[in-house]
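Structural overview
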Amino acid sequence: MDIFSDTKLIVADKIGELIKEGTLPKGVEDCPFSVERPKNNEHGEISTNAALIVAGKAKTNPRQIASALVEKLGNEDNIGKLSIAGPGFINFVLTPDTWQEILRVILKKQDDYGRSDIGRGSRVNLEFVSANPTGPLHVGHARGAVYGDALGSLLEYSGYEVTREYYVNDGGAQVDTLARSVYLRYLEAHGNKITFGPDSYKGDYLVTIGLKLLEEYGDKYVDQPEQAWLAVFREFAIKEMMILIKEDLHFINVTMDQYVHEKSIVETARIDEAIKHLTEMGLIYKGVLEPPKAKRSEDWEAREQLLLKSTEYGDDVDRPIQKSDGSWTYFAPDIAYHYDKVSRGYDELINVFGSDHGGYVKRLTAVVDALSNGNMSFVIKLIQQVNVISQDEVLKMSKRAGNFVLLRDAVMAVGSDVTRFVMLMRKNDVPLDFNFEKVQEQSKDNPVFYVQYAHARVCSLLNRAHERGLDVSDPALEDFTREHLLEPEHIYLIRKLAEWPRIVEQATMHREPHRIIFYLMEVASVFHGFWSMGKEKESLRILQEEDTEKTLAGLALVRSTGIIVAQGLRIMGVKPLTEM
RNA sequence: GGCCUCGUAGCUCAGCAGGAUAGAGCGACCGCCUCCUAAGCGGUAGGCCACAGGUUCGAAUCCUGUCGAGGCCGCCA
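Residues numbered from 1 in each chain as written. Chains lettered and ligands numbered in written order. Predicted model: local features only at pLDDT ≥ 70, side-chain atom pairs only at ≥ 80, totals over all residues. Heavy atoms only, no water.

**Thoughts on the nonpolar core**
This is how it is decided: In this text, buried Ala, Val, Leu, Ile, Met, Phe, Trp, Tyr and Cys residues form a nonpolar core when linked through side-chain atoms within 4.5 Å. Remark: exposure states derive from per-residue accessible area (1.4 Å probe, protein chains only) relative to the maximum for the residue type, with buried under 20%, exposed over 50%, and partly exposed in between. By the convention used here, residues are in contact when the closest approach between their heavy atoms is within 4.5 Å.
Residues Ile 15, Phe 434 and Leu 555 are the most contacted members of the largest nonpolar core, which totals 149 residues. In this view, Phe 434 contacts Val 386, Asn 387, Val 388, Ile 389, Ala 410, Val 414, Thr 419, Val 422, Met 423 and Val 439; residues no more than four positions away in its chain are not counted. Core analysis: the second largest hydrophobic core is formed by 30 residues, Ile 275, Ala 332, Tyr 337 and Leu 371 among them.

Here it is, written out as structure tokens:
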């Protein structure tokens, strides 16, 4: 079903035969050779470096091995032409039948063409967003949200069992700050004049919360000391913030499977458990850390603390887990949370963090390695920042000023589909420009519309054919006759479609959804080119007045393109458009 | 000072589980609508893949170092 891995199997088979015959030495059967689409069209449709790799191990001449392999491969029905080129590449041209068969497979398997079992049902915990419950999500969060969600779908499509998880930081000092901020808004709602402290969350979104609190409690807490209202206001505010955040996620079509609260981790004594576990491993000790090398460190004081020996697992320094007053540092609940994740029996943990959290990668990796005896696959994907551009200017955003562009503003302006697509157009670890005006353009300058337009054209053709009374159902299209779709332009498009399973596999292995987006743009490009070719070359037009058989064959190709584009978009969480 | 990520065409970026002559879009220039959506297509120009070493038959891709950009380095989370 994947033409590349099929071909690879055949080549591996031939290598095996050559070993049996004594032409090749034993031990070369597991050589990691590749079968790929060559960049250069003159190098055939498919090529392999098998002879080069095998020669490297067998210490013989690659071209000799190549010709031995070519001799064997000559008997294969699917192969039309073989040649040896360069240092020993073997280039294949397959028979048109072979390519046509791929279309039949696509039409038969539909959305499952490209689905695979490489995950083998592995259970993956995918933690993403996990924004502090202190306000609405901004565009930076949106990128992490979209990346995580698309990655989740991609993994599911590749046979993993994914849990999308949000970790709610509702146990730290910042939610107390939140509570104090809403208290101010509460007082304001009551008619008092308020002044913010330097740490206060000043965003307007808390005004409503203040009003709600007034409605709920009246003036009960107006003149009360902090200890009277702090806990109450905190719980209230967190609840409201999570409603807000869930709305935001809903705006951008992200649904979490579960929310894990820091508070529940603390309350269920997971911290003690985790620390006890680490203590038994001899990784907890009392000690004094070196002063930090950062610039502002005048007020640093050497004190004895409880430390985790994370250096044993590759961290740069050991990390404090308890303050000198005996309370936990922020790191302790994180340890407990990951202890919890490890103990839930996943096969793999993936964390999606903003790149500003890059400093935690080593220590968390150390924690997971320690807690799982190195048996847990643990990956942290860092998401670079989003530059919002409007009127050709980068909007300056600062946490202090609280002028982040909100996720909901972006989605309101350009829609969820466009936002998602644009957010996925870059690799996770490079900065991304989000140009408000550009993403709304309806032209080829805008990749979203470019891809959608390709899909719309597919639908348009099928509709027209249907209007002419043709049966354009997939089973009918599958029966196209082999006399058609033989021109180079046809084959070229089919070859592009045939890459789909491999693209999915690579995107999955690298945990990089953007590869799907780039592939979709390529498919769209090849399809648009094919379409335009029909204007110059009558035989390439899909709808042929006189020739129903030929039309159906063309529609099979078009429909297959549509299936793949639509499925690619769906995995990215973008709705394919049927007309524009 | 240390750690992480990045450095590819004028601009924005792909490619990096090593492979053949390094790709795309934008911008520039030249073409294509009697004909399935020109919301599109074709073509031309444009590169010491930051730099220097190393590994290899072969390096944009792997390793080391240098330079440059950003991020992180608090008993904040």
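That shown, we press on.
**Quick notes on the pairing of strand β9 (residues 304–308)**
Each regular strand carries side chains that alternate between the two faces of the sheet. Where we set the bar: Each helix corresponds to a stretch of at least 4 residues labelled H or I by DSSP, and each strand to a stretch of at least 2 residues labelled E; elements are numbered beginning at the N terminus. Think of it this way: DSSP has to see at least two bridges between two strands before they count as a pair.
Counting buried positions along β9 yields 4 of 5 residues, so the element is predominantly enclosed. Note that strand β8 (residues 284–288) and β9 share 5 bridges and pair antiparallel. Bridge pairing in β9 links Gly 287 to Gln 305. Judged from the 3 bridges that link them, β9 and strand β10 (residues 319–322) form a sheet pairing that is antiparallel. For Leu 308, the partnering residue across the bridge sits in β10 and is Arg 319.

**Structural notes on the sheet that holds strand β1 (residues 35–36)**
The following threshold applies: In this analysis an axis means a line fitted to C-alpha atoms, helices contributing only their contacting stretch, and an angle means the value between N-to-C directions, from 0 to 180 degrees.
Strand order in this open sheet of 4 strands is β1-β2-β4-β3, and the pairing throughout is antiparallel. In this open sheet, the two strands that pair with only one neighbour each are β1 and β3 (79–85). Bridge count for strand β2 (residues 46–48) against strand β4 (residues 89–94) is 3 bridges, and the pairing is antiparallel. In the sheet register, Thr 48 faces β4, and the bridge partner there is Ile 90. Those strands touched by helix α3 (residues 62–73) are β3 and β4, and its axis lies near 170° from that of β3.

**Looking at the layout of surface pockets**
Here is the rule we go by: Within this scheme a cavity is a closed region of a 1 Å grid, computed over the protein atoms alone, that accommodates a 1.4 Å probe without allowing it to escape, whereas a pocket is open but has protein on both sides within 12 Å along at least five of seven lines; lining residues each have an atom within 4 Å of a point. Grid points are joined across faces, edges and corners, and a volume is the space filled by probe spheres set on the points. Charged means Asp, Glu, Lys or Arg here, nonpolar means Ala, Val, Leu, Ile, Met, Phe, Trp, Tyr, Cys or Pro, and polar covers whatever is left, Gly included. How far each domain reaches was decided by an automatic or database domain assignment.
Approximately 630 Å³ is the volume found for the second largest pocket. As for the second largest pocket, its lining consists of 27 residues, of which Glu 36, Arg 37, Pro 38, Lys 39 and Glu 499 are closest to the centre. Listing elements by their share of the lining of the second largest pocket, those giving two or more residues are β1, β2, β4, α18 (500–510) and α19 (514–536). Within the lining of the second largest pocket, the residues separate by chemical class into 9 nonpolar, 10 polar and 8 charged. Counting contributing residues, the lining of the second largest pocket receives three or more from each of domain 1 (3–94) and domain 2 (100–116 + 443–571).

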